[in-house]
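Examination of the molecular architecture
Listed below are the residues making up each chain.
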Amino acid sequence: MAQDSVGLSSDYQFWIQKLSVWKQASTLETQQDTCLYLPQFQEFLRQMYEALKEMDSNTVIERFPTIGQLLAKACRNPFILAYDESQKILIWCLCCLINKDPQNSGESQLNSWTRGLLSHILAAFRSDIKEVDLFTQGLGYAPADYYPGLLKNMVLSLVSELRENHLNGFNTQSRKKICLPVSAVLCLWLRHLPSLEKAVLHLFEKLVSSERNCLRRIECFMKDSLLPEAACHPAIFRVVDEMFRYALLETEGAPEVLAAMQVFTRCFVEALEKENQQPKFALKTYFPYASPSLVMVLLQRPKDIPQGLWHRPLKRISEMLKEIVEDETQGSSGGPFENWFLLAHFGGWADIAAEQLLTSVGDAEPPEALLWLLAFSSSPGDGPQQRAQTMVEVKAVLSHLGRLLRSPTLSAGNLLAAAEESREGDPRPPACQQLTRRLLLNFLLWAPGGRAMARDVITLMARTDEIMHEIVGFLDQTLYRWDHLGVDAPGSRKLARELLAELRGQA
Amino acid sequence: MDSLLQQLERFSEVLAVSRTTHVSTWDAATVRRALQWARYLRHVHRRFGRHARIRKALERRLQNQWKQEGGSGPAPALGLTNFQALGHCDLLLSLRLLANRALGDAAFHYLLQELFPGPGVPGAEEGTLQGSLALLARRRAAVHMLRSSAYRENPVLQEDSLMKTQAELLLERLQEVGEAHAEGPGRFLSRLWEHLPHNNFLKVTAAALLLPPSSPRHQEEESELGNPRRAGERGRELLHWLLGKSEVIVAFCRNLPAGLLTSVAGRHPEVSRVYLGLLTDWGRHLHYDLQKGIWIGTESQDVPWEELYGRFQSLCQAPPPLKDEVLTTLKSCKAQDGDFEVPGLSIWTDLLLALESGA
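Residues numbered from 1 in each chain as written. Chains lettered and ligands numbered in written order. Predicted model: local features only at pLDDT ≥ 70, side-chain atom pairs only at ≥ 80, totals over all residues. Heavy atoms only, no water.

Formally: UniProt positions are given in the numbering used here, feature names are shortened, and annotations may be inferred rather than shown by experiment.
Under an unreviewed UniProt entry, the name given to chain B is Fanconi anemia group F protein, and the organism recorded is Camelus dromedarius. Taken directly from UniProt, the Subcellular location (unreviewed entry) text for chain B runs: "Nucleus". Its UniProt record gives chain B the following Function (unreviewed entry) comment, quoted word for word: "DNA repair protein that may operate in a postreplication repair or a cell cycle checkpoint function. May be implicated in interstrand DNA cross-link repair and in the maintenance of normal chromosome stability."

Under the annotation held in an unreviewed UniProt entry, chain A carries the name Fanconi anemia group C protein homolog and is attributed to Camelus ferus. In its Subcellular location (unreviewed entry) section, the UniProt entry covering chain A states "Nucleus".

See the structure below:
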């Protein structure tokens, strides 16, 4: 007990000094310092209360003659009063000073002083918003009635101002910088759906208007928006996911939206792993319509698997999806769109599948599972026959490319023809065309012969702005993926970078 | 029912006394009884909150009482003003007693023991007086903190958080009053107009008329009694009253900033009609001073040229149909005056000329 009280005494000195420096926390420095120490100060207050409650008011003054100063200064600091339970503990401490039956003028004065301070805590800062007080009184409302609404509005306007500052670059010259901790933003979003929706829409606007085709920048914006972190809470994840879903439906699968969703999912998974070793919520709460085992496989990080073994999870994913999608009796795991939507979150897998097919072109028969996965991801609505047809086309393209690889007559024209001419001479459906373009681009990056003709082929390919846009997007996504997976391919990487810079310069 | 109303009346008396020096005669037992009474009424609030008939009856009685006490008059409201206040009546009583210096030391000591028993079972704080009082102090400090370090008055008045809050409260109160009495809102607003500072009241009215209409989803969130606000109807009674009182609408159009009025007029065509009418009226009061070469008024309350021009300019920056309506009005006034193109003959000509060159 003696040891405790010694500890308390030295702490006491420390805090009285601190409080004198902070005063009413009216400058930025005092505010920041106060905020830094709030939890410890509250702990100290608790210890003080534990000591004080055992004493009567005279003993308190004997033991801590300057207690009045300490309590008064604390009560004048709005940050302390606004923090957690500090105001309550201060009140308890003050209650310990009240004498039920004062015997002399000294004790009466102490009572009076203490009552004054108690009044102050409960009625402090009244003159702050006189007009508002007057008006609300006129309406018949007490502060207890309207403070919640007022706080909500003040915080909301702060948040939207912060967000604007944030996304337009910080311009803190005109005002002090205020940072809301993630937990506060999370609380706000959980309690007030419109502000979450606004945050997501704001992000969409930003992404679609200015950051097309640069996934690294998109990732920055995504992380700054705090949405991936907040989405660790399933309720928030579901709302954001819904909005992506609608955006995809409305834009009929626009590549920008897809890319943004993939970045979001990546950042979200990263945040999830950072937060807990043990996930707090079951996967099913995030993806309620999907088969849990499928989700588990999709969530695997290719980074954690040796490159040579990537075909395994790919095969697994393909088989599982095939089973779900093509087996009509399975009602519970959602139709083709739902499963395509799920796969689209983890778009990397389809890209890896394409790459795998190309890097092994000419070696052996392309695995059916990979072909199926590619066909599904580019055209989820196809029936089984249509899909089989696509797979056959893709196989043909691959074998043609493989033959060209070894042929002395390899030229840009030949390559393009290989990719674009269909077996029957009929034009391929657009989704299939997109797919074969992707394969060709992969070929250009990986096959040694392809690299030499890359620029020529691309020039021939990019007949429209849209296609050019697609190519730029492909290169950007590929580089982004390679960076994250640590793919070691210096030659391909260099080529991709050069091509991207050239094409961007042209645009 | 009657006994309930009696209880209500007696407690209101207690509440009134709690602010006076009369409490010097109170001892611990009196304090205890008063707190118990408050607790009972809180229980009534909880119990009958969903019982529309009883709630209405209580609401009506409280509002009448409040009116009789000269509510919203120069003296602040004396106590229970509506049914919702019953939910906080113990808080209200406690705050008054805590602040009342006339309360004796022994009684005060007892009060503190009752209100602040200290750390107890964690999680049992919900709904206790200790919790509510601490929360009140906390929120008050938070408002002060935000206000002094992070708040700046928003130049777009209707988006200012303080304005918005007052506007939301006004509409909320109007709804309650409307539910208790059909003609309630109009009389209520007139009373507010008599007793509150006009400038702030007008701004709040404008902000209220510019609040977004509640969407169906938000209605479910916000409605307490399962009596949802119909979207867009929130400001209807307010608008009706505003347009019905010439003194108010004139002050509204005269004193509020041009941009704010343009927004309101854009949203509510009835207001734009009255506003334009007033503007044309004010314009007709001005005459051309040949020597100085400007339009001036003769009386002190005449709206000066600059202000008139400023308001028309703001209106012309509004999106159609308001903008078109304004230009049509100006052109037709100009035509009525003789359709002159030369300045100095018709104020409408001059305004149009100035607007065109300024644009």
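Next comes the rest of the account.
**Remarks on the overall build of chain A**
Basically, it comes down to this: For the purposes of this entry, the term helix denotes a DSSP run of H or I that reaches at least four residues, the term strand denotes a run of E that reaches at least two, and both are numbered from the N terminus. Only protein chains enter the accessibility calculation, which uses a 1.4 Å probe; a residue is then buried when its area is under 20% of its type maximum, exposed when over 50%, and partly exposed in between. Note on definitions: a residue-residue contact is assigned when non-hydrogen atoms from the two residues lie within 4.5 Å. Accessible surface area values rest on a Shrake-Rupley calculation with a 1.4 Å probe, where residue burial reflects the displayed protein chains alone.
When you go through chain A residue by residue, the secondary structure sums to 27 helices and zero strands. Buried positions account for 51% of the 507 residues belonging to chain A. Contacts in chain A between residues at least 24 apart in sequence constitute 70% of all its contacts with a sequence separation of at least 6. Per element, the accessible surface of chain A, about 24300 Å² overall, is 54% carbon and sulfur.

**With respect to the overall build of chain B**
When helices and strands are tallied, chain B shows 18 helices and two strands. Taking all 359 residues of chain B together, the buried fraction comes to 48%. As displayed, chain B offers around 17500 Å² of accessible surface, 52% of which is attributable to carbon and sulfur atoms.

**Focus on empty space enclosed by the protein**
Empty space among the atoms becomes apparent when a probe as large as a water molecule is rolled across them. Residue and element names in this part refer to chain A. Convention followed: The pocket and cavity definitions rest on a 1 Å grid over protein atoms only: a 1.4 Å probe that fits but cannot leave marks a cavity, an open set with protein on both sides within 12 Å along at least five of seven lines marks a pocket, and residues lining either have an atom within 4 Å of a point. Grid points are joined across faces, edges and corners, and a volume is the space filled by probe spheres set on the points.
Here the structure, examined in full by the defined rule, presents four cavities of 30 Å³ or more. Computed from the structure, the largest cavity encloses a volume of approximately 150 Å³. If you trace the largest cavity, you find 15 residues lining it, with Asp-241, Arg-245, Phe-287, Tyr-289 and Glu-338 closest to the centre. Broken down by secondary-structure element, the contributors of at least two residues to the lining of the largest cavity are helix 14 (234-250) and helix 19 (336-345).

**Thoughts on the nonpolar core**
Side chains that are nonpolar tend, in soluble globular proteins, to be buried together. To keep it simple, the criterion reads: Think of a nonpolar core as a cluster: buried Ala, Val, Leu, Ile, Met, Phe, Trp, Tyr and Cys residues, connected wherever their side-chain atoms sit within 4.5 Å.
Judged by nonpolar contacts, the single largest core of 157 residues is most densely connected at Ile67(A), Leu170(B), Phe252(B) and Phe312(B). Per-element accounting of this core gives the leading share, nine residues, to helix 7 (residues 129-150) of chain B.

**Things to note about the packing of aromatic side chains**
Let me state the cut-off plainly: Aromatic pairing here means that ring centres of Phe, Tyr or Trp (its six-membered ring) are within 6.5 Å. Orientation follows from the plane angle: under 30 degrees is stacked, over 60 is edge-to-face, and everything else is tilted. Placement of a positive charge over a ring is assigned whenever Lys NZ or Arg CZ falls within 6 Å of the ring centre and within 35 degrees of the normal to the ring plane.
Per the counting criterion, the structure on display carries 30 aromatic pairs over all chains. With a centroid separation of 6.4 Å and 5 degrees between ring planes, the pair formed by Trp305(B) and Tyr309(B) is classed as stacked. Placement of the pair is Trp305(B) and Tyr309(B) together in helix 16 (residues 305-316), with a separation of four residues, close to one helical turn. With relative accessibility at 18%, the residue Trp305(B) sits in the buried group. Tyr309(B) sits in the buried class, given a relative accessible area of 18%. Ring-pair connections join several aromatic residues into one group, and the members of that group are Phe204(A), Phe237(A), Phe244(A), Phe264(A), Phe268(A), Tyr286(A), Phe287(A) and Phe346(A). Between the NZ or CZ atom of Arg254(B) and the centre of the ring of Trp282(B), over which it lies, the distance is 5.8 Å.

**Quick word on the interface of chain A and chain B**
Note the following rule: Buried area is calculated as the accessible area (1.4 Å probe) missing from two parts once they are joined, with the contributions of both summed. By definition here, a salt bridge exists when the distance from a side-chain nitrogen of Lys or Arg to a carboxyl oxygen of Asp or Glu is within 4 Å. Here a polar contact means two N or O atoms within 3.5 Å. Within protein one must be a hydrogen donor candidate and the other an acceptor candidate, and residues neighboring in sequence count only if both atoms are side-chain atoms.
Chain A puts 63 residues into the contact, and the matching count from chain B is 63 residues. When chain A packs against chain B, the two sides together hide about 5800 Å² of surface, and 65% of this comes from carbon and sulfur. Linking chain A with chain B are one salt bridge, by the criterion used here. A salt bridge links Arg115(A) to Asp105(B), with the nearest nitrogen and oxygen atoms 3.6 Å apart. Remark: the boundary between chain A and chain B carries 15 residue pairs in polar contact (both at pLDDT 80 or more).

**Some words on the pattern of salt bridges**
All names here are of chain A. Scanning the model with the defined rule gives 32 salt bridges over all chains in all. In this structure, Glu-273 and Arg-301 form a salt bridge, with 3.3 Å as the shortest nitrogen-oxygen distance. Taken together, the residues span a long stretch of sequence, with Glu-273 in helix 15 (residues 255-275) and Arg-301 in the loop between helix 17 (292-299) and helix 18 (311-326) at a distance of 28 residues. A salt bridge links Glu-319 to Lys-315, with the nearest nitrogen and oxygen atoms 3.3 Å apart. A residue pair is termed a helical-turn pair when its members lie 3 or 4 positions apart in one helix, as Glu-319 and Lys-315 do in helix 18 at four residues. On the basis of relative accessibility, which here comes to 39%, the residue Glu-319 falls in the partly exposed class. For Lys-315, a relative accessible area of 44% corresponds to the partly exposed category. Counted as one network, the salt bridges with shared partners bring together Glu-219, Lys-223, Arg-266 and Glu-270.

**What to know about the confidence of the model for chain A**
All names here are of chain A. So the rule is basically this: Confidence of the predictor at the level of single residues is given by pLDDT, which spans 0 to 100.
Scored by pLDDT, chain A comes out at a mean of 84, with 89% of its residues at no less than 70. By mean pLDDT, the top-scoring element of chain A is helix 6 (residues 86-95) (95), and the lowest-scoring one is helix 10 (residues 182-191) (76). Long-range and interchain partners of residues 170-175, a stretch whose pLDDT sits below 50, account for six contacts in this model, where long-range means more than four residues apart.

**Re the side chain of Arg438(A)**
All names here are of chain A. Tracing the sequence through the fold places Arg-438 in helix 24 (residues 430-446). You can call Arg-438 buried: its relative accessible area is 18%. When residues no more than four places from it in sequence are discounted, the contact partners of Arg-438 are Ala-350, Asp-351, Leu-374, Ser-377 and Phe-474.

**Brief notes about a nonpolar patch on the surface**
All names here are of chain B. Heads up, the condition is: Patches here: salt-bridge-free residues with over 30% relative accessible area, like charges joined within 9 Å, nonpolar side chains (Val, Leu, Ile, Met, Phe, Trp, Tyr) joined within 5 Å.
Judged by side-chain polarity, Phe-340, Val-342 and Leu-345 come together as a nonpolar surface patch covering roughly 270 Å² of accessible area. Residue placement: Phe-340 occurs in the loop between helix 17 (322-336) and helix 18 (347-358). For Phe-340, a relative accessible area of 34% gives the class partly exposed.

**Here's the deal with the confidence of the model for chain B**
Residue and element names in this part refer to chain B. Chain-level pLDDT for chain B is 84 on average; 87% of the residues reach the 70-or-more range. Under a pLDDT of 50 for its full length, residues 71-78 has, in the predicted model, 17 contacts with residues more than four places off or in other chains. Note on residues 216-231: pLDDT under 50 across the span, and 23 contacts to partners over four residues away in sequence or across chains. Predicted complex, confidence summary: ipTM 0.84, pTM 0.63.

**Quick word on the packing of helix 2 (residues 28-48) of chain B against helix 6 (residues 105-115) of chain B**
Residue and element names in this part refer to chain B. Note the following rule: Where helices are involved, their axes are fitted lines through C-alpha atoms of the stretch in contact, as for all axes, and angles between N-to-C directions lie from 0 to 180°. By definition, any crossing whose near helix is turned counterclockwise from its far helix by less than a right angle is left-handed, and any crossing with a clockwise turn is right-handed. Following the grouping adopted for this structure description, the nonpolar residues are Ala, Val, Leu, Ile, Met, Phe, Trp, Tyr, Cys and Pro, the charged ones are Asp, Glu, Lys and Arg, and the polar ones are all others, Gly among them.
Look at helix 2 against helix 6: their axes get within 8 Å of each other, and the N-to-C directions meet at 35 degrees. Crossing angle aside, the handedness with which helix 2 passes helix 6 is right-handed. Together, Ala-28, Val-31, Arg-32, Leu-35 and Arg-39 of helix 2 and Ala-107, Tyr-110, Leu-111 and Glu-114 of helix 6 make up the contact between the two elements. Among the residues forming the contact of helix 2 with helix 6, the class breakdown is six nonpolar, no polar and three charged.

**Describing unusual backbone geometry**
Here the residue pair Pro320(B) and Pro321(B) is connected by a cis peptide bond, since its omega of 5 degrees sits within 30 degrees of zero. The phi torsion at Glu252(A) lies on the positive side, around 55 degrees, for a residue other than glycine. Examined against the element boundaries, Glu252(A) turns out to sit in the loop between helix 14 and helix 15. Positive phi values are uncommon outside glycine, yet Asp339(B) reaches one of about 60 degrees. The topology assignment puts Asp339(B) in the loop between helix 17 and helix 18.

**Concerning the side chain of Ser314(B)**
Relative to the helices and strands, Ser314(B) resides in helix 16. On the basis of relative accessible area, Ser314(B) is assigned to the buried category, the value being 13%.

**Re the environment of Ser377(A)**
All names here are of chain A. Structurally, the position occupied by Ser-377 is in helix 21 (residues 368-378). Along the primary structure Ser-377 and Ala-344 are separated by 33 residues, whereas in three dimensions their C-alpha atoms are 7.6 Å apart. The contacts of Ser-377, once residues within four sequence positions are left out, are Trp-340, Leu-343, Ala-350 and Arg-438. A polar contact is formed between the side chain of Ser-377 and the backbone oxygen of Leu-374, at a distance of 3.3 Å.

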